[in-house]
Amino acid sequence: NLPGPLCVLAIAGPLRSGKSCLMNHLFGAAGGEAFRVGGTIVSTTHGMWICAARPGCLPGVDGTVLLLDTEGLGALESDSPQREPQLFALTALLSSVVLYNSFGLVSDRAVERLAQLAAVASQCLETDAAGAVGRAQLLWILRDFHLELVDEGGAPLTADAYLEDELAATDADADADASLGARARSVLRSLFPSRGCVPLPRPAESEEELASLPLEAAAAGGAWAAALDALRAKLGAALRPKRIGGW
């Protein structure tokens, strides 16, 4: 019996990219781990795991925040090429906000990979002419990010502007033989009309510190704790009750 309304926050991304750990640091303090984590190459999360966040965990959000932790992409146990797109489709359709957790830049290759995952969700929503299913917002999380965000002229860029630049249509995209990258950008713009980007620093300097990182993010201190506070504030502003069929 969870008090409504329900705001659904999901996380997806490659295997062993720290998805469950990030959710624990965002929401697991004081109540233990929100999700189980592991230290081997074998996936710990299978399918989709769900739990309710602590009341009042995000500023400005009323009701209950449901957390969805999904199986890592590229898991050794994945036995079907359609498993990952289908799982991502379920994630996107159920969620108010989807965190896509990855390392590196928002490159053409990264965009194409995410668009391949999003293909099934995009097809599902193409049949939803009445708009019965509310679109999720995408927040692309860039882990262990240390580069300066600037444009080609050297002027500072916000993370959101950086993502928009990478997903923007170009003059070449209008060509009938548009590249795979152009089609991928179009899929993501259509599926996630509301989107943003959040770079996160490395949680700890050394591997030893990383292995012993406390569950309480505040105890870790420094740039990591400050970045999580900023992410919580962004999530508090973005999360809205999930509506399906008018409910």
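Owing to the predicted nature of the structure, the values given are computational and were not obtained by experimental measurement.

**Student:** Give me the lowdown on the packing of aromatic side chains, citing residues and values where you can.
**Tutor:** Counted under the stated rule, the structure contains one aromatic pair. Arranged with centres 5.2 Å apart and planes meeting at 90 degrees, the rings of Tyr100 and Trp140 form a pair that is edge-to-face. Note that Tyr100 is positioned in strand β4 (residues 97-103) and Trp140 in strand β5 (residues 137-143), a separation of 40 residues in sequence. Since its relative accessible area comes to 2%, Tyr100 is described here as buried. Its relative accessible area of 0% is what places Trp140 among the buried residues.

**Student:** Break down the packing of helix α1 (residues 19-27) against helix α8 (residues 222-238) for me, citing the residues and quoting the values.
**Tutor:** Closest axis-to-axis distance for the α1/α8 pair is 10 Å, and the angle between their directions is 80 degrees. Considering the angle they form, α1 stands roughly perpendicular to α8. Side by side, α1 and α8 meet where Leu22, His25, Leu26 and Phe27 of the first sit next to Trp224, Leu228, Leu231, Arg232 and Leu235 of the second. Of the residues contributing to the contact of α1 with α8, the split by class is seven nonpolar, one polar and one charged.

**Student:** Go over helix α4 (residues 159-167), please, and point to the residues and values.
**Tutor:** Every buried residue of α4 is accounted for by Ala159, Tyr162, Leu163 and Leu167. When α4 is viewed along its axis, its buried side chains cluster within an angular range of 125 degrees and face the same direction. Close packing links the buried residues of α4 with α3 (108-126), β5, α5 (180-191) and β6 (195-199).

**Student:** Lay out the sheet that holds strand β1 (residues 6-12) in plain terms, naming residues and giving numbers.
**Tutor:** Read from one edge of the open sheet, six strands run β2-β3-β1-β4-β5-β6, paired in mixed fashion. Each edge of the sheet is formed by a strand with only one pairing partner; in this case those strands are β2 (48-52) and β6. Taking each pair of neighbouring strands and ignoring which way they run, the sheet shows an average axis angle of 20 degrees. Relative to strand β3 (residues 64-70), β2 runs antiparallel, the two being bridged by five bridges. From the neighbouring strand, Cys51 faces β3, where its bridge partner is Leu67.

**Student:** Quick rundown of the side chain of Lys19? Include the residues and the values.
**Tutor:** Position of Lys19 among the secondary structure elements: in helix α1. In this structure Lys19 is buried but unpaired, with Asp69 as the nearest side chain of opposite charge at 5.7 Å. If we skip the residues at most four places from it in the chain, Lys19 touches Ile11, Ala12, Gly13, Pro14, Asp69, Thr70, Gly72, Asn101 and Arg143.

**Student:** Go over the pattern of salt bridges with me, naming the residues and quoting the values.
**Tutor:** Scanning the model with the defined rule gives six salt bridges in all. Put simply, Asp229 and Arg232 hold a salt bridge, and the shortest N to O gap is 2.8 Å. Within this pair, Asp229 and its partner Arg232 are both found in helix α8, separated by three residues, close to a single helical turn. Taking relative accessible area as the criterion, Arg232 reaches 15% and is therefore assigned buried.

**Student:** So what about the pairing of β5? Which residues, and what values?
**Tutor:** Where burial is concerned, most of β5 is hidden: seven out of the seven residues are buried. Burial along β5 is two-sided: the residues Gln137, Leu139, Ile141 and Arg143 and Leu138, Trp140 and Leu142 are all buried. The pairing of β4 with β5 spans seven bridges and is parallel. Opposite Ser102, over in β5, you have Leu142 as the bridge partner.

**Student:** Could you give an account of the nonpolar core, with specific residues and numbers?
**Tutor:** With 32 residues, the main nonpolar core has Phe88, Leu114, Trp140 and Leu188 as its most contacted residues. Among the secondary structure elements, those contributing two or more residues to this core are α2 (83-94), β4, α3, β5, α4 and α5. The leading source of residues in this core is α3, at nine residues. Those residues in contact with Leu114 that sit more than four places away from it in its chain are Phe88, Tyr100, Leu138, Trp140 and Leu188. The next biggest cluster of nonpolar side chains, apart from the first, holds 27 residues, and it includes Cys7, Leu22, Phe27 and Trp224.

**Student:** Which residues make up the environment of Ala223, and what are the values?
**Tutor:** Mapped onto the elements of the fold, Ala223 is located in helix α8. Its relative accessible area of 53% is what places Ala223 among the exposed residues. Spatially, the C-alpha atom of Ala223 lies 8.7 Å from that of Leu200, the residues being 23 residues apart in sequence.

Conventions we followed
Residues numbered from 1 in each chain as written. Predicted model: local features only at pLDDT ≥ 70, side-chain atom pairs only at ≥ 80, totals over all residues. Heavy atoms only, no water. Phe/Tyr/Trp six-rings, centres within 6.5 Å; stacked < 30°, edge-to-face > 60°. Helix = DSSP H or I, 4+ residues; strand = E, 2+ residues; numbered from the N terminus. Buried < 20%, exposed > 50% of the residue type's maximum accessible area, 1.4 Å probe, protein only. Axes fitted to C-alpha atoms, helices over the stretch in contact; angles between N-to-C directions. Parallel < 35°, antiparallel > 145°, perpendicular 65-115°, else oblique. Contact = heavy atoms within 4.5 Å. Nonpolar A, V, L, I, M, F, W, Y, C, P; charged D, E, K, R; others polar. Arc of directions from axis to C-beta. Pairing = 2+ DSSP bridges. Lys, Arg positive; Asp, Glu negative; His and termini not counted. Salt bridge = Lys/Arg side-chain N within 4 Å of Asp/Glu carboxyl O. Core = buried A, V, L, I, M, F, W, Y, C linked by side-chain atoms within 4.5 Å.

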